[in-house]
Amino acid sequence: MYPLHEPTFSGREQELVRDCLESTFVSSVGAYVDEMERELERLTGAARAVVVVNGTAAIEVSLRVVGVGPGDLVITPSLTFVATANAIRHAGAVPAFLDVEAESLGLDPQQLRDFLGSACQKDADGRWIHQASGRRVAAVVAVHIFGNPAHVDTLAAICDEAGIPLVEDAAESLASRIGDVHTGLFGRCGAVSFNGNKIVTTGGGGALLTMDDALGERVKHLTTTAKRPHRWEYWHTEWAYNYRMPNLNAALGVAQMRDLPGLLERKARVHQAWLEAFEGSGATLLEARPGTTANHWLAALVLPASTTLEQRNALLDAACDERILCRPIWVPLHQLPAFADAPRGSLEVTASMHRRVVNLPSTAHLVDSSAGSSASSVS
Ligand SMILES: *Cc1c(COP(=O)(O)O)cnc(C)c1O
């Protein structure tokens with residue numbers, strides 16, 4: 001059986017988790033939480049990393065600290081995991097779905113320009129109002145799909161000029177970069193996930209990354225009940241969250257972070273094996289666009305443009321019969337009942353990619369199974 005993505009524990013996971021248990025600091029305070037944040041800052045170059053209970057919470061808090069509130073509109077792609085849109089709803093806002101570009105499957109900068117230019121208007125206070133709904137456009141959430149960097153450099157420039165904050169859903173893109181800059185650091189803040197299926201796992205968990213120290217401090221404060229430091233008094237400065245990552249999860253995360261270089265190297269070999277397996281097949285593999293580095297989290301096969309949904313489904317069934325657990329890309333979120341009323345742009349590329357993109361098993365230790373024969377072990 002080849003599952004889509006299993007965690008790889010080849011470092012000091014057992015040792016550090018046992019150490020955490022023996023310390024009795026398994027919950028809301030402990031040294032591993034701080035250590036995990038410092039490891040993330042070292043890897044990403046973020047001025048501040050704050051670890052939280054999961055990636056969805058990291059996106060929700062990101063939206064709150066950039067000023068998103070009840071009734072606002074937040075622009076995001078329809079072709080993403082449902083958590084992106086759920087987090088927008090948790091923040092009290094509603095999503096507006098715009099199309100992706102075919103190169104990275106990230107939000108298309110031209111679609112953002114067109115939407116602001118034709119569907120929205122700037123009011124006297126400089127706020128962008130979506131004409132059809134009357135809602136304020138309060139933020140843009142870009143997503144780095146399967147670890148491939150979206151055009152967030154361009155998106156950040158558009159958002160800067162418009163005065164709209166950019167938040168990055170970097171849940172899938174830990175260690176992915178544009179040039180030398182880590183994904184998640186182009187907007188005001190970025191959210192990472194450490195769910196069990198992501199490249200680094202803490203069991204469940206997430207983090208917020210930012211280059212803004214003050215914003216990072218505010219996020220730490222908000223995700224830890226906004227308690228004013230005091231020897232004994234319970235004074236909370238505003239309504240807030242208990243979103244902190246337990247120390248037990250952080251212990252697992254620290255071990256995973258220290259093992260990351262080896263993990264990334266194996267992920268690249270799995271990707272290479274799939275590339276070779278599909279050479280000349282008519283299907284292509286999604287690749288990091290020029291000037292960017294992908295973490296190779298999930299290999300994504302892009303089937304020819306003429307592929308129908310029936311053909312895609314037949315392929316998925318055939319692979320499952322061989323116990324190769326391929327998965328289709330997500331159902332575009334505007335098709336889900338919860339988001340059926342959401343404003344949207346043209347979603348042509350989204351519809352095409354929904355029919356054509358299939359994820360392939362991408363577990364890092366797939367390449368360890370038989371001495372060097374990585375391609376044959378997965379193809
Ligand atoms: C995994 C994921 C999330 C949510 O992360 P959780 O830790 O599962 O809450 C958000 N967005 C995308 C694109 C993801 O893949």
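Remember, it's a predicted structure, so these values are computed and weren't measured experimentally.

**Some details on the packing of aromatic side chains**
Consideration 1: Applying the stated criterion across every chain, the model contains five aromatic pairs.
Consideration 2: One aromatic cluster is present, built from ring pairs that chain together W239, Y241 and Y243.

**Looking at unusual backbone geometry**
Backbone geometry follows two general trends: most residues other than glycine have a negative phi, and most peptide bonds adopt the trans configuration.
Consideration 1: Of note, the phi angle at L105 is positive, near 65°, even though the residue is not glycine.
Consideration 2: Residue placement: L105 occurs in the loop between β3 (94-98) and α5 (109-119).
Consideration 3: Here the phi dihedral of F146 falls at roughly 55°; this positive angle occurs in a residue that is not glycine.
Consideration 4: Examined against the element boundaries, F146 turns out to sit in the loop between β6 (137-143) and α6 (152-162).
Consideration 5: Relative accessible area serves as the criterion here: at 2%, F146 is assigned to the buried category.

**A closer look at the site of the ligand**
Consideration 1: Looking at the ligand, there are 16 residues lining it, with T56, D169, E172, S193 and K198 nearest.
Consideration 2: Taking T56, its side chain carries an N or O atom lying 2.6 Å from an oxygen atom of the ligand.
Consideration 3: Side-chain polar atom of K198 to an oxygen atom of the ligand: 3.2 Å apart, as the coordinates give it.
Consideration 4: A total of 380 Å² of accessible area belongs to the ligand in isolation, and the protein chains cover 93% of it.
Consideration 5: Comparing atom positions with the cavity grids shows the ligand to sit within the largest pocket.
Consideration 6: Every element with two or more residues in the shell around the ligand is listed here: α3 (55-65) and α4 (82-90).
Consideration 7: Of the residues forming the shell around the ligand, the biggest block, three residues, is contributed by α3.

**Some words on the sheet that holds strand β2 (residues 73-77)**
Consideration 1: An order of β1-β11-β10-β7-β6-β2-β3 is seen for the seven strands of this open sheet, with the pairing classed as mixed. Either end of the sheet is taken by a strand with one partner, and the two such strands are β1 (48-52) and β3. Strand-to-strand, the axes of this sheet are offset by a mean angle of 25°, without reference to chain direction.
Consideration 2: Note that β2 and β6 share three bridges and pair parallel. Of the residues in β6, the one forming a bridge with V74 is A139.
Consideration 3: Sheet strands in contact with helix α7 (residues 213-222) are β1, β10 (189-193) and β11 (206-210), and its direction is about 20° off that of β1.

**Section: the nonpolar core**
Consideration 1: Counting 43 residues, the largest nonpolar core has M36, L40, L105, F146, L174, F194 and V357 as its most contacted members.
Consideration 2: Mapped by element, the contributors of at least two residues to this core are α1 (13-23), α2 (31-44), β1, β11, α8 (247-258), α9 (260-277) and β14 (299-302).
Consideration 3: Ranked by the residues each element gives to this core, the list is headed by α8, at five residues.
Consideration 4: Contact partners of L40, with chain neighbours within four places excluded, come to G45, A49, V51, L174, F194, A207 and M257.
Consideration 5: Counting 27 residues, the second-largest nonpolar core is a separate cluster that includes V50, A138, V167 and L208.

**Thoughts on the sheet that holds β14**
Consideration 1: Strand order in this open sheet of four strands is β12-β14-β16-β15, and the pairing throughout is antiparallel. In the strand order of this sheet, the two ends are held by β12 (284-285) and β15 (327-328), each with one partner.
Consideration 2: Here β14 pairs with strand β16 (residues 357-360) via four bridges, running antiparallel. Considered in β16, the bridge of A299 is made with L360.
Consideration 3: Each of β14 and β16 is contacted by helix α11 (residues 348-356), which is oriented at about 45° to β16, the strand it contacts most.

**Examining empty space enclosed by the protein**
Consideration 1: Summed over all chains, the structure comprises two cavities of 30 Å³ or more.
Consideration 2: Volume-wise, the largest cavity comes out at about 50 Å³.
Consideration 3: Around the largest cavity sit F146, N148, H271, L286, A294, H296, W297, L298, A299 and A300, which together line it.
Consideration 4: When the residues that make up the lining of the largest cavity are grouped by side-chain class, the tally is seven nonpolar, three polar and no charged.
Consideration 5: Roughly 40 Å³ of internal volume is contained in the second largest cavity.
Consideration 6: Lining of the second largest cavity is provided by H5, E6, P7, T8, K198, I199, Q256, L263 and K267.
Consideration 7: Residues that form the lining of the second largest cavity fall into these classes: three nonpolar, three polar and three charged.

What counts and what doesn't
- Residues numbered from 1 in each chain as written.
- Predicted model: local features only at pLDDT ≥ 70, side-chain atom pairs only at ≥ 80, totals over all residues.
- Heavy atoms only, no water.
- Phe/Tyr/Trp six-rings, centres within 6.5 Å; stacked < 30°, edge-to-face > 60°.
- Helix = DSSP H or I, 4+ residues; strand = E, 2+ residues; numbered from the N terminus.
- Buried < 20%, exposed > 50% of the residue type's maximum accessible area, 1.4 Å probe, protein only.
- Near = heavy atom within 4 Å.
- Polar contact = N/O pair within 3.5 Å; in protein donor to acceptor, adjacent residues only side chain to side chain.
- Areas by Shrake-Rupley, 256 points an atom, 1.4 Å probe, with all protein chains shown as cover.
- 1 Å grid on protein atoms, 1.4 Å probe; cavity = no way out; pocket = protein on both sides within 12 Å on 5 of 7 lines; lining within 4 Å.
- Sits in = over half its atoms within 2 Å of the grid points.
- Pairing = 2+ DSSP bridges.
- Axes fitted to C-alpha atoms, helices over the stretch in contact; angles between N-to-C directions.
- Contact = heavy atoms within 4.5 Å.
- Core = buried A, V, L, I, M, F, W, Y, C linked by side-chain atoms within 4.5 Å.
- Points joined across faces, edges and corners; volume = space filled by probe spheres on them.
- Nonpolar A, V, L, I, M, F, W, Y, C, P; charged D, E, K, R; others polar.

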